[in-house]
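Below, each chain spelled out in residue letters.
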Amino acid sequence: MKRNGGQIVCESLLRQGVDVVFGLPGGAILPLYQTLPEYPQLRHILVRHEQGAAHAADGYARATGRPGVAWATSGPGATNLVTGIATAHMDSIPMVIITGQVSRDAIGSDAFQETDITGITLPITKHNYLVMNASELPGVIAEAFHIASTGRPGPVLVDIPKDVFVEETEVSFPDIVDLIGYKPTIKGNDRQIKRAVKLIEKAKRPVILAGHGVIFSEAYNELKSLAEKAQIPVITTLLGISCFPEDHVLSVGMPGMHGMAYASLAIEESDLLLAVGMRFDDRIIGNPTEFAKDSKKIHIEIDPSEIGKNISVDVPIVGDAKHILAALVELSPTKTHPDWVKRITDLKRSHPSLDIRATDKLLPQFIIKKLSMATNGDAIIVTGVGQHQMWAAQYYTFTNPRSFITSGGAGSMGYEVPGAMGVQVGQPNKTVWSIAGDGGFQMTMCEIATMVENKIPVKIAIINNNFLGMVRQWQQFFYESSYVATEYSHNPDFVKLAEAFGILGIRVTKQDQVESAINQAMEYEGPVIVDFVVEAEENVYPMIPSGQTVHDMIEEPRHSESQRIS
Amino acid sequence: MRTNMARTITALVQDKPGVLNRITSMFRRRGFNISSLAVGLSEKPNLSRMTFVVQGDDAVVEQLLKNLEKLIDVLKVSAAPSEDVVSRELALIRVSATPDTRKEIVQIADIFRAHIVGVSPDSMIIEVAGDDDKMTSLQDLLKGYGLLEVMRTGTIVMHRGKAS
């Protein structure tokens, strides 16, 4: 049977198990759109801006573990995806992006809405394709999904000229993909694993530093078994949050620039650092020559180019976290380190990073803590980037895998609304809270209309301080409080804005309104905006300034009394 | 650790449009500096072999190899050892030549086993193959006559003992 390029794309997506595509049409991709009615199993969500489509596909992937799919037309449609693709690339998110391109004979002629999107996205995709014949489409799309979702995952873009969508051809769909230049290492090297076991045996003050890779390989049980068997405290990176239950006795939280002081100190004092599925980001290591100087380091990582990039390690193990952790669980001895565990308990007591000071003011930390309690830690939290993101990472107690979703590496403000939309589409039975900054919210708030149209009931909590808060904090700390271009002196009325979108809006200005607003939002059927007008110049503590060490940490000035929140 | 020396890296890559761009884009993004680059067909159909000469220490070269290997269109990468390899480059050199100087230039070319491949009333073209030292010495000697144009292919290397 002959099929046209558009039909081949849709059938290929269905064969890959795709159930939803986020997109927005335009001239070059129109022939693909016009085949959609033939494929009712393929749900299409029409966004308001292509950036929203890319972030939503990213959120869908983070929430489900399956590749997210977004598509857009050529030119500005494609370039509007770029922030979303870069966000996914920095955080290794499996995504397949399809863009329409001008017709083959017009490529290179500066035709209307022509942009070299494969050129533009070269450094922000794991791989990309320009498909010049419809007969290549089944192979290319199968490869795109294979590359996006295996090894270290990442976004793959497929650019398809308008006339290729129309071209008719006989095709067969490949069952397997075999790329001679792409064979990710899955199983760890036995000798290296044995060397790692020796280090675990000898260690007196070990810590595990678990990252995003634990979530990608769904190695939650293996991680927990190893931690419990060899009694190793577990610290999680920003993107590793939720891979290990934070109510576990061995959980030590997040380290680094805005991590808990005790987590950073535990790394500093450790004699063995077992890093799993993480890349020693500068936000974690600060000064690379001073980071965890006295510890032996084991680095489990699927991407060989991350090993030795920022930090040199003693035992590198290339491969999939789940396989390698399982081997370590089997081979490692049963151990206890009572002195070390007690030392960490003492650090937690002497550096109470998560205390909230007693005040009548509405503090963002208080709101997150209340949200954590009201949802019983069972919601999926999606954030933007900045102060609210750090408070969410710190004060919410994450116990379920894939329950904290945030743009880490790229730090893309504006992720919170469309990202949460994608998460909710992927997890329709979960409560999804978007914790937004008033700045980031306004970058992509148009997608609320998409949520209303498609009945996507995300609850949005704007932590509204009328500032680009994290930048303001840097100005306060490092530029003598010279607040240049960080104040939003005239934000819209977010409650009226909610009403304009046809949804519920609630404003909260006092502590005693917080709990009822959260509950009211969750009882409401559709999307909600809760405008939390918070203490404007609140700071995120602790803070290790960029490129510095744990000894340069700025902790919150000690307050005489802290709040008991119940 | 050897610091900042010239290192030669070879890569077997897919012979497809855009592959060179992917590779040079990665070099640019990661801040690797290419001193020379040679690309040509390999012994295998649909595969090309590239030879890069880069400046850097062991850590830089290791990162570069790993990042090259990460590219889907790159099949095999190796860093050439500094010994036990044959290293060659081809150059075409146009030098000013008058009837008076022609003979001297031909003599110099002979010493370097170079060939005269073109002559015009006021210049000559010399073809020379060899390693970097030989190229540089010949160029230095010809400078006195007036170097008009130098075209070099970039170095290619091959291990003496085994197939890379």
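Chemist: Quick one: what's the story with the overall build of chain A, residue by residue and with numbers?
Modeler: Secondary structure summary: chain A contains 23 helices and 20 strands in total. For a compact globule of 566 residues, the expected C-alpha radius of gyration is about 24 Å, and chain A comes in at 24 Å, within 12% of that figure. The dimensions of chain A, computed from C-alpha atoms along their principal axes, are 70 × 60 × 40 Å. Looking at the 566 residues of chain A, the share that counts as buried comes to 55%.

Chemist: How would you explain the interface of chain A and chain B if you had to name every residue and give the values?
Modeler: Many descriptions give the size of an interface as the accessible area lost when the pieces come together. Taken together, the 12 residues of chain A in the interface contact 14 residues of chain B. Partitioning the side of chain A that touches chain B into residue classes produces 7 nonpolar, 4 polar and 1 charged.

Chemist: Can you lay out the pairing of strand β3 (residues 47-56) of chain B for me, pointing to particular residues and giving the numbers?
Modeler: Residues and elements named next belong to chain B. Strand direction decides the pairing type here: strand β1 (residues 5-14) and β3, joined by 10 bridges, are antiparallel. Looking across to β3, one finds that Thr8 is bridged to Val53. Where strand β2 (residues 34-41) and β3 come together, 7 bridges link them in antiparallel fashion. Among the inter-strand pairings, Leu41 is bridged to a residue of β3, identified as Ser48.

Chemist: Before we move on, can you summarise the pairing of strand β9 (residues 206-210) of chain A with the specific residues and values?
Modeler: Residues and elements named next belong to chain A. Burial within β9 is extensive, with 5 of its 5 residues counted as buried. Here β9 shows no split at all, with Pro206, Ile208 and Ala210 on one side and Val207 and Leu209 on the other all buried. As judged from the 5 bridges shared by β9 and strand β12 (residues 272-276), these two strands associate in the parallel manner. Across the sheet, the residue bridging to Leu209 is Ala275, located in β12. Examined bridge by bridge, β9 and strand β10 (residues 234-236) share 3 bridges and lie parallel to one another. Across the sheet, the residue bridging to Ala210 is Thr236, located in β10.

Chemist: A description of the nonpolar core should follow, citing residues and the corresponding values.
Modeler: Counting 176 residues, the largest nonpolar core has Ala70(A), Leu223(A), Val276(A), Ala461(A) and Val530(A) as its most contacted members. In terms of residue count, helix α3 (residues 50-64) of chain A provides more of this core than any other element does, 7 residues in total. Not counting residues within four places of it along the chain, the set of residues in contact with Val530(A) comprises Ile460(A), Ala461(A), Ile462(A), Ile506(A), Val508(A), Ala517(A) and Ala521(A). Counting residues in each nonpolar core, the second largest holds 17 residues, with Ile9(B), Val54(B), Leu64(B) and Ile156(B) among its members.

Rules and cut-offs
Residues numbered from 1 in each chain as written. Chains lettered and ligands numbered in written order. Predicted model: local features only at pLDDT ≥ 70, side-chain atom pairs only at ≥ 80, totals over all residues. Helix = DSSP H or I, 4+ residues; strand = E, 2+ residues; numbered from the N terminus. Rg over C-alpha atoms; globule rule 2.2 N^0.38 Å. Buried ≥ 20, exposed ≤ 12 C-beta atoms within 10 Å, placed from the backbone. Contact = placed C-beta atoms within 7 Å. Nonpolar A, V, L, I, M, F, W, Y, C, P; charged D, E, K, R; others polar. Pairing = 2+ DSSP bridges. Core = buried A, V, L, I, M, F, W, Y, C linked by C-beta atoms within 7 Å.

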